Amino acid sequence: MMERYSRQTLFAPIGEDGQKQISTKHVLLIGAGALGTGNAEALVRAGVGKLTVIDRDYVEWSNLQRQQLYSEQDAQDKLPKAVAAKERLQKINSEVEIVALVNDVTAESLEKLVQEESVDLLLDATDNFDIRLIMNDIAQKYEIPWVYGACVGSYGITFTILPGETPCLSCLLKTVPLGGATCDTVGIIAPAVSMVVSHQVAEALKILSGNSKDCRKKLVSFDLWKNQYVAVDVQKMKDAACPSCGDSPTYPNISFENQTKTAVLCGRDSVQIRPSHNGERDLPELKRMLQTQGIQFESNPYLLSFEVENHRLVAFKDGRVLVHGTKEISAAKSLYYRYFG
Ligand SMILES: [Zn+2]
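Conventions adopted
- Residues numbered from 1 in each chain as written.
- Predicted model: local features only at pLDDT ≥ 70, side-chain atom pairs only at ≥ 80, totals over all residues.
- Heavy atoms only, no water.
- Donors = N, O, S within 2.8 Å, 3.2 Å for Na, K, Ca; no water.
- Tetrahedral: all angles 85-135°; square planar, octahedral: opposite > 155°, others 65-115°.
- Helix = DSSP H or I, 4+ residues; strand = E, 2+ residues; numbered from the N terminus.
- Buried < 20%, exposed > 50% of the residue type's maximum accessible area, 1.4 Å probe, protein only.
- Pairing = 2+ DSSP bridges.
- Axes fitted to C-alpha atoms, helices over the stretch in contact; angles between N-to-C directions.
- Parallel < 35°, antiparallel > 145°, perpendicular 65-115°, else oblique.
- Left-handed = near helix turned anticlockwise from the far one by under 90°.
- Contact = heavy atoms within 4.5 Å.
- Salt bridge = Lys/Arg side-chain N within 4 Å of Asp/Glu carboxyl O.
- Right-handed = clockwise from strand over helix to strand, strands pointing away.
- Expected span 1.5 Å × (residues − 1).
- Arc of directions from axis to C-beta.

*Asks:* It is not clear to me how the coordination of the zinc ion should be interpreted in this structure. Could you clarify?
*Replies:* Tetrahedral coordination by four donors places them ideally at 109.5 degrees to one another around the metal; octahedral coordination by six donors ideally gives 90 or 180 degrees. Coordination sphere of the zinc ion, protein contribution only: Cys 168 (SG), Cys 171 (SG), Cys 242 (SG) and Cys 245 (SG), at 2.2 to 2.3 Å. Each of the four donor atoms around the zinc ion contributes to a set of angles spanning 98 to 123 degrees, which defines the coordination as tetrahedral. The sequence pattern describing where the donors of the zinc ion fall on their chain is C-x2-C-x70-C-x2-C. Linking Cys 171 in helix 8 (residues 169-173) with Cys 245 in the loop between strand 8 (228-233) and helix 11 (252-255), this pair joins segments that are 74 residues apart in sequence. Both residues of the pair, Cys 171 and Cys 245, count as buried.

*Asks:* Quick question: what am I supposed to make of the pairing of strand 14 (residues 321-324) here?
*Replies:* Consecutive side chains along a regular strand alternate between the two faces of the sheet. What you see with strand 14 is no split at all: Val 321 and Val 323 on one side and Leu 322 and His 324 on the other are buried throughout. Taken together, the four bridges between strand 10 (residues 270-275) and strand 14 define a ladder with antiparallel strand orientation. Bridge pairing links Val 271 to Val 323 in strand 14. Relative to strand 14, strand 13 (residues 311-316) runs antiparallel, the two being bridged by four bridges. Considered in strand 14, the bridge of Ala 315 is made with Val 321. Linking strand 13 back to strand 14 in an antiparallel pair, the connection comprises four residues, with Gly 319 at a positive phi of about 105 degrees.

*Asks:* Could you clarify how one ought to interpret the packing of helix 3 (residues 34-46) against helix 10 (residues 190-208) in this entry?
*Replies:* Contact geometry of helix 3 with helix 10 gives a least axis separation of 9 Å together with a crossing angle of 40 degrees. It follows that helix 3 is oblique to helix 10 by the angle criterion. The crossing of helix 3 and helix 10 is right-handed. Contacts between helix 3 and helix 10 involve Ala 34, Leu 35, Gly 38, Asn 39, Ala 42, Leu 43 and Ala 46 from the former and Val 193, Val 196, Val 197, Gln 200, Val 201, Ala 204, Leu 205 and Leu 208 from the latter.

*Asks:* Is there a simple way to explain the pattern of salt bridges in this structure?
*Replies:* It is possible for side chains bearing opposite charge to pair when their charged atoms get close. Scanning the model with the defined rule gives 13 salt bridges in all. One salt bridge connects Lys 50 with Glu 117, and the closest N-O pair in it is separated by 2.7 Å. Of this pair, Lys 50 sits in strand 2 (residues 50-54) while Glu 117 sits in the loop between helix 6 (107-116) and strand 4 (121-124); the two residues are 67 residues apart in sequence, bridging distant segments of the chain. For Lys 112, the salt bridge is made with Glu 116, and the minimal N-O distance between the two is 3.4 Å. Here Glu 116 and Lys 112 lie together in helix 6, a separation of four residues that amounts to about one turn. Residue Glu 116 is classed as exposed on the basis of its relative accessible area of 54%. Through salt bridges with shared partners, a single ionic network connects Lys 50, Glu 97 and Glu 117.

*Asks:* Please clarify how the pairing of strand 1 (residues 26-30) should be interpreted in this entry.
*Replies:* Here strand 1 lies mainly inside the structure; five of its five residues are buried. Inspection of the sheet shows strand 1 paired to strand 2 by five bridges, in the parallel sense. Of the residues in strand 2, the one forming a bridge with Leu 29 is Val 53. Handedness of the strand 1-helix 3-strand 2 crossover: right-handed.

*Asks:* Honestly, helix 3 in this entry has me stumped. Any pointers?
*Replies:* Given a rise of 1.5 Å per residue, 13 residues ought to cover 18 Å, and the 19 Å separating the end C-alpha atoms of helix 3 matches this to within 8%. The element helix 3 is largely enclosed, with a buried count of 11 among its 13 residues. Listing the buried residues of helix 3 in full gives Ala 34, Leu 35, Gly 36, Thr 37, Gly 38, Asn 39, Ala 40, Glu 41, Leu 43, Val 44 and Ala 46. The positive-phi residue at the C-terminal boundary of helix 3 is Gly 47, with phi of around 90 degrees.

*Asks:* Help me out: how do you make sense of helix 12 (residues 283-292) in this one?
*Replies:* Counting along an α-helix, one turn takes 3.6 residues, and residues three or four places apart therefore face a common direction. Residues of helix 12 that are buried: Leu 283, Leu 286 and Leu 290. Along helix 12, the residues classed as buried sweep out an arc of 55 degrees about the axis, all on the same side. In this structure, helix 12 carries Gln 291 and Thr 292 as exposed residues pointing more than 90 degrees from its buried face. Buried-residue contacts for helix 12 involve strand 11 (297-299), strand 12 (303-308), strand 13 and helix 13 (329-340).

*Asks:* I'm lost on the sheet that holds strand 2 in this one. Help?
*Replies:* Either a parallel or an antiparallel arrangement is found when strands of a sheet pair, and the pairing is made through backbone hydrogen bonds. Spatially, 3-2-1-4-5-6-7-8 is the arrangement adopted by the eight strands of the open sheet, whose pairing is mixed. Either end of the sheet is taken by a strand with one partner, and the two such strands are strand 3 (97-101) and strand 8. Within this sheet the neighbouring strands show an average axis-to-axis angle of 15 degrees, counted without direction. Inspection of the sheet shows strand 7 (residues 218-223) paired to strand 8 by six bridges, in the antiparallel sense. Counterpart to Asp 223 in the pairing with strand 8 is Gln 228. Those strands touched by helix 6 are strand 1, strand 2 and strand 3, and its axis lies near 175 degrees from that of strand 1. Here helix 10 sits on the sheet in contact with strand 1, strand 4, strand 5 (146-152), strand 6 (155-161), strand 7 and strand 8, set at roughly 175 degrees to strand 5.

Shown next, in the form of structure tokens:
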């Protein structure tokens, strides 16, 4: 074993002790696409104790350009990504315990996983912002570090979230635009993926080897084509009133995730959020809440409308809320949870 990891243990900040720690740790990787396969291969080569990979898709030809664990045969066979990844990873390192889950990620399934066994690190390799918000709440509730990562085109962004120390994703959402285009619409080049993966794996190795103190405190984003690289200090964005990491957290994305349905309204800059539990919204109560906060509103017997942070929110008696001024579900949800959560 020591021969295999000799170059990594020679690296002083990790050493023999750090390597031992890495070999006892369990990483939960959400997504086995481009970021997922890159993260998985690096961590398995680095000798992590256990890796659980969740992904619901199967391998397609359009994946092969950047999803490094997959082969033509996998695409031919339409193998589920988690299964194909596990097969390849196990050939790379047979000492690592690898669990492949071909699943949808929901608040419920993710919470069950972290309750059933200890998870030392959550790695974000999804392309779905709703899932990131679920991860964010799970990470806070169970005090598990997680590393956010996303890329599209030649652009990438990443941030390390340490519960109790750094701001969380919800804190950042108020000021940083994190959602937007996906690689299905604007494409992606492989080096943007590798760059995000490198940042994520470096942070993972710090956390897993007992060196969390060395984690990067800045939000990093870059565009490899436009030759831009930005690192922003976001530590002061930690919000004591944040519903996910603040002083009295409600974890809205795991408590309400299964109760809300969202839809971007076609041709309009609006997102509709519909709570699935039946029941009317208490508009008089909502009025009182807005009055105490000094927020102006208009109302009729069927709806109440008010403006905050450049968005108009319309709450209907039947429970629905329209968020105007955005097409981004994550931004709309963040506003929704703040005023109705
Ligand atoms: Zn927060």
